[in-house]
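# Residue-level structural notes
Next come the chains, spelled out residue by residue.
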Amino acid sequence: MRRKLSELNMIVFTFSRLSHLLRISGSKASVFRNGTEIKHGAGCCVQLRRFQGMQSNGSMNKKGLQDRQKQQMARGLPKQKPIRDVKQVIVVASGKGGVGKSTTAVNLALGLMAIDKSKSVGLLDADIYGPSVPKLMNLKGNPELNDDNRMIPLINYGVPCMSMGFLVQDASPVVWRGLMVMSAIERLLRQVEWGSLDYLVVDMPPGTGDVQLSITQNIPIAGSQRRLLWQWICVPSQRAKKAEWAVIVSTPQDVALLDARRGAEMFRKLNVPVLGLVQNMSVFQCPNCHHHTHIFGSNGAKQLAETISVKFLGDVPLHLNIRETSDKGQPIVISSPDSPEAEAYRKLASAVIQSLEEHTR
């Protein structure tokens, strides 16, 4: 145990030193010296060499420094690999918790199957600290391993699901640091026997942290340099058949919209195309008088979508049926398929498919 802690501390220490070195190098050019200036001792195993951008007088130009920093940081990024037999990855994200992202992700996955029963859809719960998919999909138990030592997803309503909630007890908190979380995400992505999937819907945790970076940097973004959405549209080439796309969920409330915009900006910086924005809890209808009340504001997400040039995918109302069916583990798309609320999720799924088709033409 002490050895593992020591190794972890060494990793953190090494990363801290590297970050410190890159920060100070702009003002202290002498930290990068020519290899001929170093006297080799018996215990020396590192040699700093002159890199491209170093001028003859020992100083460095700004472009050369930036190129060197990019090379150093790129070495620490995970190697991008497609998920085996998965055609499209749709990440459902939000900048803030409590906006109904998990409920949206579950009903989106079921809605994709409902509008085209020939399509196969999987659901990955990437929220390590607060997994919700086991409750929403009424699933319990531990996944079994196949002959290749890969986890077999638990299935309900025809959707294979994987979640950290299957691997820990219901009331057990996951008290992990970033390195352990990233390792868990890697296993949930790579060591699951998903089978052949047309869509893998990923329920992302709120925020813009380690998990978001791990997933977006692990999965290759097909054709991300071809055109722009927001100012760029991702069009996969004929060779690149797998891609990752993002759907942002927000309520119309101004506080939630601020974080939704941050989430969209994160995906822009990571070159992940955003299919569009979902306005959840858009309106409340009184069950007695049927009066409509915009509890969290009116059309805030729609206006944000126009501001950042992202497609508006649709509204989902704030309704008691959605909450009750979710708590029972019977998503409304399955339990009340003829209800207006289920129809809202099917319209959302249709809008996602349409947006995918527009971006892949």
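Right, let's walk through the structure included here. Computed from a predicted structure; not experimentally measured. (Residues numbered from 1 in each chain as written. Predicted model: local features only at pLDDT ≥ 70, side-chain atom pairs only at ≥ 80, totals over all residues. Heavy atoms only, no water.)

## Some thoughts on the layout of surface pockets
If you add up the space inside the second largest pocket, you get close to 440 Å³. For the second largest pocket, the lining is made up of 22 residues, of which Pro 134, Lys 135, Gly 165, Gln 169 and Asp 170 are closest to its centre. Taken together, the residues of the lining of the second largest pocket break down into 9 nonpolar, 8 polar and 5 charged. (1 Å grid on protein atoms, 1.4 Å probe; cavity = no way out; pocket = protein on both sides within 12 Å on 5 of 7 lines; lining within 4 Å. Points joined across faces, edges and corners; volume = space filled by probe spheres on them. Nonpolar A, V, L, I, M, F, W, Y, C, P; charged D, E, K, R; others polar.)

## Focus on the environment of Leu 188
Looking at the element boundaries, Leu 188 is found in helix H5 (residues 178-190). Owing to a relative accessible area of 2%, Leu 188 belongs among the buried residues under this scheme. C-alpha of Leu 188 to C-alpha of Met 162: the two residues are 26 residues apart in sequence and 7.3 Å apart in space. Leaving out residues up to four positions away in the same chain, Leu 188 has contacts with Leu 124, Asp 125, Ile 128, Met 151, Met 162 and Trp 194. (Helix = DSSP H or I, 4+ residues; strand = E, 2+ residues; numbered from the N terminus. Buried < 20%, exposed > 50% of the residue type's maximum accessible area, 1.4 Å probe, protein only. Contact = heavy atoms within 4.5 Å.)

## Here's the deal with the pattern of salt bridges
Tallying each qualifying case throughout the model produces 10 salt bridges. Measuring nitrogen to oxygen at the nearest pair gives 3.4 Å for the salt bridge that ties Lys 87 to Asp 198. Remark: Asp 198 occurs in strand S5 (residues 197-203) and Lys 87 occurs in strand S1 (residues 86-93); sequence separation between them is 111 residues. Overall, the relative accessible area of 12% leaves Asp 198 in the buried class. Here Arg 346 ties to Glu 343 by a salt bridge, and the two come within 2.8 Å at their closest N and O atoms. Pair noted here: Arg 346 and Glu 343 are both in helix H11 (residues 340-359), with a separation of 3 residues, about one helical turn. By relative accessible area, which is 18% here, Arg 346 ends up buried. (Salt bridge = Lys/Arg side-chain N within 4 Å of Asp/Glu carboxyl O.)

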